[in-house]
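# Survey of secondary and tertiary structure
The residues making up each chain are set out below.
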Amino acid sequence: MATDKLFSLMTQPIRLLLIFLLLSTGLNTVAQTNAVPVYKGAVKASREKMYTNIVKNIITKNLFLPLSDSTEENWESAFDAIEVLRYTPYWISETANAAFDGIEKRSPAFQRALLEFCYAMYPDSFTAPVETLASTTGNSKIFALCTEYLYQAKKINTSSIATKTRMFQFMLEQDSILNPLVKSKWKLRDQDKIAALQEISNPNFFPGNVVLISFQRKNRNYPGIVVVRDKAGNFITNDSGKIIALPQLARSVSNLPFYLTNGNTPQGVFRMFDFGQSKSMAIGPTTNIQLMMPLETSPQFFLKDSSITDTVWTEVLYQKILPESWKKYLPALETYYASKAGRTEIIAHGTTVDPEYYKGQSYYPHTPTQGCLCTKEIWSTADGSRLISDQQQLVDAVQKAGGPDGYVVVIEIDNQQKPVNLNDIWPYLKRKP
């Protein structure tokens, strides 16, 4: 039976979108009718009330508490909420600056939350304290977060980072965080990417499986596009015979790299195994598609091969599922390393998050997540009824292809600064418009 993997509220009490649950308790927020799903939280008055409550009770109230061991979690919740709302009055940056005072004495959880928040909201404002933390931490995840922040700010070529990298060198082969940090910085060969993309039109590309292919840009601020292929290798089309290609966002709220908690959707292969119905009000009532990365399940299940006797995952074992050309394409390993680093609960779903939080962003009206593949949905501000649902179209296409048993493949095609469209991917589908 499928479960809602994205928001494990009982075990992760301070994750980003717990905010929406806390502030909607007792409201009739989600309903499913036979005809049109309804999300009452989309009604204008409800969304205005939610926004006000988040700003007042989660951001302002928590950040005005003196920072101490007992209030770290309050500040972490505020950081999460600011990321979701993109709420940045002048005093927020001053508060972030104050949070770096004595940061080396704070808990790793607080350090992680602050670094993620600054990466998302202040990408080059705190390089000095981040560099200092990188040179003193003994925690590989914190070191990776610091390093990614400095890469983003183009401040990575510093003596302290070089020294720290040498200190961690002996750990690289075994450490689940530092290994993908290093591999993510390797230079990719254009011919390997081209070969991987050309493989998609091969009938032996995951033969006998329903396959979703999500084409993305390197810059995840721009939506990608997803197509569906049936078990015989045919791309699913609409009644007019045109390939169904739906915009899909693979960007997280934080925009962190694939291997870090709450980072962007990894490239590579996911096992698709079921449809699901979420209880999360940030996802809403539209059917979602359940996915697993390698280390979330057994090799036998992921590889769909009952003859496999290995129970411990290795890179070589994961590569058994990859087409030959993909074995030379380093990003195809991202799902393996992301799951090895502890990432879980990435699915393909719709959204009930207010898109107006992201007005002016290049991905608007899409809404970012904690790293899932998210399709656009628009809900009526008058009565909460669903007006537009790319997610429902995607689910219908999967059903038409044979059902949710197969694989999802995510691949970046290039780094153009614009959304992916069907013209961009036609060469890899070998279909004419």
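Above: the structure in question.
If you're wondering where the values come from, they're calculated on a predicted model, not measured in any experiment.

Cut-offs applied
- Every chain begins its residue count from 1, and numbering advances along the sequence as written.
- With the structure being a predicted model, the display of local features is reserved for residues of pLDDT at least 70 and the display and counting of side-chain atom pairs for 80 or more, all residues being used for whole-chain, interface and lining totals.
- For the side-chain quantities, the full set of heavy atoms in the structure was used; hydrogens and water were omitted.
- Helix numbers and strand numbers start at the N terminus; a helix is a DSSP run of H or I with at least 4 residues, a strand a run of E with at least 2.
- Only protein chains enter the accessibility calculation, which uses a 1.4 Å probe; a residue whose area is less than 20% of its type maximum is buried, one above 50% is exposed, and one in between is partly exposed.
- Should any heavy atoms of two residues lie within 4.5 Å, those residues are counted as being in contact.
- Note on areas: Shrake-Rupley, 1.4 Å probe, and residue coverage restricted to the protein chains presented here.
- When a carboxyl oxygen of Asp or Glu is within 4 Å of a side-chain nitrogen of Lys or Arg, the pair counts as a salt bridge.
- We call a set of buried residues a nonpolar core when its members are Ala, Val, Leu, Ile, Met, Phe, Trp, Tyr or Cys and they connect through side-chain atoms within 4.5 Å of each other.
- Pairing of aromatic rings covers Phe, Tyr and Trp, the last through its six-membered ring, and needs centres within 6.5 Å; plane angles under 30 degrees mean stacked, over 60 mean edge-to-face, and all others mean tilted.
- We call a charge positioned above a ring when the Lys NZ or Arg CZ atom is no farther than 6 Å from the ring centre and deviates by at most 35 degrees from the ring normal.
- None of His or the chain ends enter the tally, which takes Lys and Arg as positive and Asp and Glu as negative.
- Every helix has an expected span of 1.5 Å times one less than the residues it contains.
- Think of it as the arc spanned by the lines of direction from the helix axis to the C-beta atoms.
- For two strands to pair, DSSP has to find at least two bridges joining them.
- A fitted line through C-alpha atoms serves as each axis, taken over the contacting stretch for helices, and the angle formed by two N-to-C directions is quoted from 0 to 180°.
- Crossings are classed by handedness, with left-handed meaning an anticlockwise turn of the near helix from the far one by less than a right angle and right-handed meaning a clockwise turn.
- Side-chain classes are defined by residue name, with Ala, Val, Leu, Ile, Met, Phe, Trp, Tyr, Cys and Pro counting as nonpolar, Asp, Glu, Lys and Arg as charged, and the others, Gly among them, as polar.

### Notes on the overall build of the chain
Along the chain, the regular secondary structure elements total 15 helices and twelve strands. The burial tally for the chain puts 58% of its 433 residues in the buried class. Within the chain, counting contacts between residues at least 6 apart in sequence, those at least 24 apart form 69% of the total. Working note: accessible area of the chain is about 18,600 Å², and carbon and sulfur atoms make up 51% of it.

### Points about the pattern of salt bridges
Across all of its chains, the model carries eleven salt bridges by this definition. A salt bridge links Lys304 to Asp405; the shortest N-O distance between them is 3.4 Å. Note that Lys304 is positioned in the loop between α11 (299–303) and α12 (315–319) and Asp405 in the loop between α14 (390–401) and β12 (406–414), a separation of 101 residues in sequence. Lys304 gets classed as partly exposed once you look at its relative accessible area, which sits at 36%. Taking the relative accessible area as the measure of exposure, Asp405 reaches 32% and is therefore partly exposed.

### Overview of the side chain of Thr352
Along the chain, Thr352 turns up in the loop between β8 (348–349) and β9 (373–374). For Thr352, a relative accessible area of 2% puts it in the buried group. For Thr352, the residues in contact, after removing those within four places along its chain, are Tyr39, Arg47, Met281, Ala282, Ile283, Gly284, Pro285 and Trp379.

### A closer look at the nonpolar core
Judged by nonpolar contacts, the single largest core of 120 residues is most densely connected at Ile59, Phe117, Leu212, Phe215 and Ile289. If one sorts the elements of this core by residue count, helix α5 (residues 108–121) sits on top with nine residues. Residues in contact with Phe117, not counting those within four places in the same chain, are Phe79, Ile82, Glu83, Ile92, Ala96 and Tyr122.

### Overview of the environment of Leu188
Looking at where Leu188 falls in the secondary structure, it is placed in the loop between α9 (178–183) and α10 (190–198). The spacing of Leu188 and Pro331 is 143 residues in sequence and 8.7 Å in space, taken between C-alpha atoms. Non-local contacts of Leu188, meaning those with residues more than four positions away in its chain, are made with Leu330 and Pro331.

### Quick notes on the packing of aromatic side chains
Here a ring pair, both rings aromatic, is described through the centre-centre distance and the interplanar angle of the planes. According to the stated counting rule, one finds 23 aromatic pairs in the structure shown. Plain terms: the ring middles of Phe258 and Tyr259 are 5.5 Å apart, the flat faces sit at 70° to each other, and that makes the pair edge-to-face. Aromatic ring contacts, followed pair by pair, group Phe205, Phe206, Phe302, Trp313, Tyr318, Trp326, Tyr329, Tyr336, Tyr337 and Tyr407 into a single cluster. In this structure, Arg271 is placed above the aromatic ring of Phe301, and the distance from its NZ or CZ to the ring centre is 4.3 Å. Cation over ring: Arg271 sits above Tyr407, and NZ or CZ is 5.9 Å from the ring centre.

### Notes on the environment of Arg106
For Arg106, the location among the structural elements is in the loop between α4 (90–99) and α5. Judged by relative accessible area, which is 18%, Arg106 ranks as buried. For Arg106 and Leu67, which are 39 residues apart along the polypeptide, the C-alpha to C-alpha distance reads 10.0 Å.

### Comments concerning the side chain of Glu76
With respect to the helices and strands, Glu76 occurs in helix α3 (residues 72–85). Of the side chains with opposite charge, Arg112 comes closest to the buried, unpaired Glu76, at an N-O distance of 5.8 Å. Apart from residues no more than four positions distant in its own chain, Glu76 is found in contact with Ala109, Phe110 and Ala113.

### Notes on unusual backbone geometry
Residue Pro365 is bonded to the preceding Tyr364 through a cis peptide linkage, with omega at 10°. Within the fold, Pro365 resides in the loop between β8 and β9. Backbone geometry at Lys304 places phi at a positive 55°, although glycine is not the residue there.

### Observations concerning α14
For α14, built from twelve residues, the straight-helix expectation of 16 Å at 1.5 Å per residue is met to within 8% by its first-to-last C-alpha distance of 16 Å. Taken together, the buried positions of α14 are occupied by Asp390, Gln391, Leu394, Val395, Ala397, Val398 and Ala401. For α14, the buried positions fall inside an angular range of 160° around the axis, keeping them on one side. Phi turns positive, to about 130°, at Gly402, one or two residues after α14.

### Describing the pairing of strand β4 (residues 224–229)
Of all six residues that make up β4, six are buried, and the element is covered over most of its length. Across five bridges, the pairing between strand β3 (residues 210–217) and β4 is antiparallel. Bridged to Ser214 within β4 is Val226. Remark: six residues form the turn of the hairpin made by β3 and β4, two consecutive strands paired antiparallel.

### Some points on the packing of α4 against α5
Between α4 and α5, the least distance of the axes is 11 Å, while the angle of their chain directions is 145°. Seen along the crossing, α4 lies across α5 with a hand that is left-handed. Across from Ile92, Ala96 and Ala99 in α4, the residues of α5 making contact are Phe110, Leu114, Phe117 and Cys118. Here the contact of α4 with α5 is composed, by residue class, of seven nonpolar, no polar and no charged.

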